[in-house]
Every structure is written in C-alpha cells, then in structure tokens.
Amino acid sequence: MQKLAIESHEGASRTPWNKGKLLGAKPPLRTKHVWAIRTKLQVEGRTRDLAMFNLAIDSKLRGCDVVNLKVEDVAPHGITVDRATVRQRKTGHPVRFELTEQTREAIDDHIKAAGKKPGEFLFASRRNCDRCMTTRQYARLVSGWIASIGLDPRFFGTHSLRRTKATLIYRRTGNLRAVQLLLGHTKIESTVRYLGIEVDDALAIAEQVDV
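The structure presented is a predicted model; accordingly, all values stated were derived computationally and were not measured.

Peer 1: If you had to explain the side chain of threonine 103 to someone new, which residues and values would you point to?
Peer 2: Positionally, threonine 103 belongs in helix α5 (residues 101-114). Residue threonine 103 is classed as buried on the basis of its relative accessible area of 0%. Setting aside chain neighbours within four positions, we find threonine 103 in contact with Asn54, Leu55 and Asp58.

As structure tokens, then:
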C-alpha cells in the first residue's frame with residue numbers, strides 16, 4: 001500500500017527527503033503502457049531513451065545496473081547480442097538476460113548515433129562522458145516517460161520497469177523459480193515479496209495443476 005509521506009515533527013525546519021513522495025513498492029507497468037511509452041519515444045526520435053527503456057524492460061535490472069552498463073556488456077563485437085550477462089552491483093552475483101529484436105535494434109541505433117565504443121558507458125552522463133548517468137538522472141527520465149503517457153509518476157519508479165516483464169512472466173507461467181533466476185535473487189522469498197504474491201495467487205495457480 002502506498003501513502004504520501006508526511007513531514008516529521010522532529011526538526012521542523014528541515015524538509016525530509018520524502019516529503020510529498022509516495023512510499024512503498026512501485027507497481028509494474030501494463031503492456032499497453034509499455035507500448036505507449038515505446039511508441040512515443042520512437043515518434044519523438046529519442047534514440048537513447050528508447051534504447052534505455054527497452055533495455056530496462058528486457059533486462060529486469062536494477063537502476064544502478066542499467067546506468068553502469070558498458071558497450072561491451074551488450075554489444076561486445078559492435079552488434080547487440082540476444083543474451084547478455086552482467087554482475088549485479090548489489091549482490092555481486094552474475095545475472096543473465098535476454099534482449100528482444102526490437103531492443104537490440106534500439107541499442108544498435110543508439111550506439112551508432114552516439115558513436116559509442118567498447119569501454120564507454122552505454123548511457124553516459126551528459127556533463128561528463130567518462131562517467132555513467134546517475135541513478136537520480138535515470139529516475140527523472142523514468143518519471144518523464146511515465147508522465148508523457150498520462151500516468152502519475154508518483155505511483156511509478158525505476159523498479160516499475162524492473163518488475164514489468166518479471167510480473168508478466170510469472171502471471172503467464174506461474175514459474176516462480178524462473179523469475180527468481182531472471183531477477184537475480186538469491187532467495188525465493190525475496191522474489192515472492194518482490195512480486196507481491198499473495199496466498200490467493202498461489203492457490204489459483206495450484207488449481208490449474210492436475211496431478
């Protein structure tokens with residue numbers, strides 16, 4: 001359940017970082033929302049943003065891992081691969097992910113348009129090309145994408161992109177172990193909490209299995 005953060009009585013002169021923000025787990029995007037954002041970015045010719053959005057949806061990576069990707073992580077030979085592996089910054093464990101054709105095309109277009117080379121960050125800072133985009137910059141981009149299709153950005157965040165495909169896979173297959181691997185979680189309990197799986201969901205899936 002999300003709620004608006006309220007100002008603490010302690011230190012009334014200091015504005016808390018979460019004032020006016022919605023706290024709690026951010027929900028995944030619906031398929032229609034993904035396509036609406038994707039189409040808008042394509043029409044507006046925002047090559048970098050389209051590559052970043054598609055990659056975030058496909059990879060299911062945390063924001064800190066998305067911004068730290070380098071060219072060779074997804075295009076080691078100049079052309080984007082259909083499967084890639086990166087080491088997660090939070091856990092230190094490697095995670096593998098797939099890249100669909102439309103995502104590969106978007107990344108290739110971005111690499112070409114930006115003149116990216118191996119060793120460079122795929123999504124560099126606008127101020128310093130030797131540094132990656134910050135997670136705060138990424139979060140602002142996501143908020144802009146969300147707002148551009150008429151949704152309230154307070155209800156969504158970078159984790160909404162990470163959750164989107166994982167949630168869809170789980171709903172279609174009920175395969176919690178597969179989703180755990182795709183998200184790079186070390187414990188199945190983390191995946192259960194992350195997807196917000198309730199007992200009723202588990203029972204509904206169990207009812208479809210005839211032994």
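Having seen the model, we can carry on.
Peer 1: Residue-level account of the pairing of strand β3 (residues 83-87), with values.
Peer 2: Only one face of β3 is covered, namely the face carrying Ala84 and Val86; the face carrying Arg83, Thr85 and Arg87 is uncovered. As paired elements, β3 and strand β4 (residues 94-98) share five bridges and run antiparallel to each other. Bridge pairing links valine 86 to valine 95 in β4.

Peer 1: Quick one: what's the story with helix α9 (residues 188-195), residue by residue and with numbers?
Peer 2: All of the buried residues in α9 are Thr191, Tyr194 and Leu195. One side of α9 carries all its buried residues, which in axial view fall inside an arc of 85°. On its buried face, α9 sits against α7 (158-173) and α8 (176-183). The first or second residue beyond α9 is glycine 196, which carries a positive phi of 70°.

Peer 1: Could you give me a rundown of unusual backbone geometry, with the residues and numbers involved?
Peer 2: One non-glycine residue, lysine 60, lies in the positive phi region at around 60°. Tracing the backbone shows lysine 60 in the loop between α2 (47-59) and α3 (63-67). Owing to a relative accessible area of 0%, lysine 60 belongs among the buried residues under this scheme.

Peer 1: A description of the pairing of β4 should follow, citing residues and the corresponding values.
Peer 2: Here β4 shows a buried face lined by Val95 and Phe97 and an unburied face lined by Pro94, Arg96 and Glu98. In textbook terms, the turn of a hairpin is the stretch between consecutive antiparallel strands, and for β3 and β4 this stretch comprises six residues, one of which, glycine 92, has a positive phi near 80°.

Peer 1: How would you summarise the packing of aromatic side chains if you had to cite specific residues and measurements?
Peer 2: Tallied over the full model, the rule gives one aromatic pair. Pairing phenylalanine 53 with tryptophan 145 gives two aromatic rings, centres 5.6 Å apart and planes at 85°, and the pair type is edge-to-face. Here tryptophan 145 lies in helix α6 (residues 135-148) and phenylalanine 53 lies in helix α2, a separation of 92 residues in the sequence. In this structure phenylalanine 53 comes out as buried when scored by relative accessible area, which is 0%. Lying across the ring of tryptophan 35, arginine 38 places its NZ or CZ 4.6 Å from the centre. Seen from the ring of phenylalanine 121, lysine 70 lies directly overhead, with NZ or CZ sitting 4.9 Å from the centre.

Conventions we followed
Residues numbered from 1 in each chain as written. Predicted model: local features only at pLDDT ≥ 70, side-chain atom pairs only at ≥ 80, totals over all residues. Heavy atoms only, no water. Helix = DSSP H or I, 4+ residues; strand = E, 2+ residues; numbered from the N terminus. Buried < 20%, exposed > 50% of the residue type's maximum accessible area, 1.4 Å probe, protein only. Contact = heavy atoms within 4.5 Å. Pairing = 2+ DSSP bridges. Arc of directions from axis to C-beta. Phe/Tyr/Trp six-rings, centres within 6.5 Å; stacked < 30°, edge-to-face > 60°. Lys NZ or Arg CZ within 6 Å of the ring centre and 35° of its normal.

Structural measurements only, silent on function.
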